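Structural overview
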Amino acid sequence: MSDAFPHLESVVKEIADEMRQRPDRGEVATYIPELARADAKAFGLVVIDADGNVAAGGDSEVPFSIQSISKVFTLTLALGKIGDRLWRHVGREPSGSPFNSIVQLENERGIPRNPFINAGAIAVTDQILSGHQPREALGEILRFMQFVADDPSITIDEAVAASEQRTGFRNIALANYMKAFCVLDNPADYTLGVYFHHCAIAMSCRQLAMAGRFLVHQGRVAKNGSSVVQAERARRINAIMLMCGHYDGSGEFAYRVGLPGKSGVGGGILAIAPGKASIAVWSPGLDHSGNSHLGRIALETLTKRLGWSIFGA
Ligand code: GLU
């Protein structure tokens, strides 16, 4: 049981029960055909508090496609590799545009607004790829994920990766567009191959909440645990998550939930309560911005009940 939050377990279970009963579940993504197979009724929630206590509710152990949540980890890796030089290839301002928008990219001469829209994440992946074969770069991303989650069993769902590779025409367009502006250093199809595969990493809420711990503890996996990144970098990644983690729904997420967070079209959200907890939620139905409908409502309820918004109770 959590000393700091004695009711954490019951709050998490209550919310999982409440969410299971709600009829409004949003729409499961179908533009990547393999994602359409997700069970719209699934709901999972895991909170790992600052002392490492785990509170879980619903389908907390079922793996799902983390999709864009992987972008938090590729951003962390790329910053580790090339530091601030990354910002020559991608900005760090909210986009106010849909996740796969091409319009902004044309106006801004091929430099994506931030690392969490698709174009920005493709540019980040391209920097991880530089100097490597795609297979090596992908291996590095997967190993990093396994390390931060402390779980070597995490894998890539090859069916999801292949499904997106067959149908990801917008991402192919975005990558080629950036290539035309010399923003990508590697062949666009190599970069896209790595991108599609890291989006197809499958994790459960428990594994995802484990992976987020370094953003709770100023770059360390636990209060006195090993260091993944410097405190300053963890703080900045949290800032980008807060401003850009939910595409054109980022303002709404900050307004309602008040935590740094990153969503994926598989229906997952990783949210960070700095110094307090790493939280993963999953419900495959999405809202019109491509963010988990019930996931956001569950996080709003949780932060309200626990007073965890970074903006005050
Ligand atoms: N792989 C997805 C895409 O590029 C990620 C989008 C998301 O999760 O928001 O379309």
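Scroll up to find the structure.
These numbers come from a predicted model, not from an experiment.

With that out of the way, let us pick up the state of the cysteines. All told, the structure shown has 0 disulfides when counted by the stated rule. Free cysteine Cys199: the closest other cysteine sulfur is in Cys244, separated by 17 Å. There is no disulfide at Cys205, and the cysteine sulfur nearest it, in Cys199, is 18 Å away.

With that out of the way, let us pick up the pattern of salt bridges. Here the structure, examined in full by the defined rule, presents 13 salt bridges. As a salt-bridge pair, Arg20 and Asp59 come within 3.1 Å of each other at their nearest N and O atoms. You can see Arg20 sitting in helix H1 (residues 8-21) and its partner Asp59 sitting in the loop between strand E3 (54-58) and strand E4 (64-65), a full 39 residues away along the chain. Between Arg113 and Glu108 there is a salt bridge whose closest N-O contact spans 2.7 Å. With relative accessibility at 26%, the residue Arg113 sits in the partly exposed group. Taking relative accessible area as the criterion, Glu108 reaches 26% and is therefore assigned partly exposed. One salt-bridge network, held together by shared partners, links Glu252, Arg256, Arg296 and Glu300.

All right, on to empty space enclosed by the protein then. This model, assessed by the stated rule, comprises 2 cavities of 30 Å³ or more. Considering only enclosed or pocket space, the largest cavity measures out at about 50 Å³ in volume. Lining the largest cavity we find Tyr31, Gln67, Ser68, Lys71, Phe99, Asn118, Glu164, Asn171, Tyr195, Cys199, Tyr247 and Val265. Its residues placed into classes, the lining of the largest cavity shows 6 nonpolar, 4 polar and 2 charged. By volume, the second largest cavity amounts to about 40 Å³. Lining the second largest cavity, in full, are Ser101, Gln104, Leu105, Glu108, Ile111, Pro112, Arg113, Ile117 and Ala119. Among the residues making up the lining of the second largest cavity, the classes are represented as 5 nonpolar, 2 polar and 2 charged.

Around the ligand, the structure places Tyr31, Gln67, Ser68, Phe99, Asn118, Glu164, Asn171, Tyr195, Cys199, Tyr247, Gly264 and Val265. Here an oxygen atom of the ligand sits 2.6 Å away from a polar atom, N or O, in the side chain of Tyr195. One nitrogen or oxygen atom from the main chain of Val265 is found 2.8 Å from an oxygen atom belonging to the ligand. Contact with the protein chains hides 100% of the accessible area of the ligand, taken as 300 Å² for the molecule alone. Among the detected pockets, the ligand sits in the largest cavity. Each residue belonging to the shell around the ligand can be placed in one class, and the counts come to 6 nonpolar, 5 polar and 1 charged.

What counts, and at which threshold
- Residues numbered from 1 in each chain as written.
- Predicted model: local features only at pLDDT ≥ 70, side-chain atom pairs only at ≥ 80, totals over all residues.
- Heavy atoms only, no water.
- Disulfide = S-S within 2.5 Å.
- Salt bridge = Lys/Arg side-chain N within 4 Å of Asp/Glu carboxyl O.
- Helix = DSSP H or I, 4+ residues; strand = E, 2+ residues; numbered from the N terminus.
- Buried < 20%, exposed > 50% of the residue type's maximum accessible area, 1.4 Å probe, protein only.
- 1 Å grid on protein atoms, 1.4 Å probe; cavity = no way out; pocket = protein on both sides within 12 Å on 5 of 7 lines; lining within 4 Å.
- Points joined across faces, edges and corners; volume = space filled by probe spheres on them.
- Nonpolar A, V, L, I, M, F, W, Y, C, P; charged D, E, K, R; others polar.
- Near = heavy atom within 4 Å.
- Polar contact = N/O pair within 3.5 Å; in protein donor to acceptor, adjacent residues only side chain to side chain.
- Areas by Shrake-Rupley, 256 points an atom, 1.4 Å probe, with all protein chains shown as cover.
- Sits in = over half its atoms within 2 Å of the grid points.

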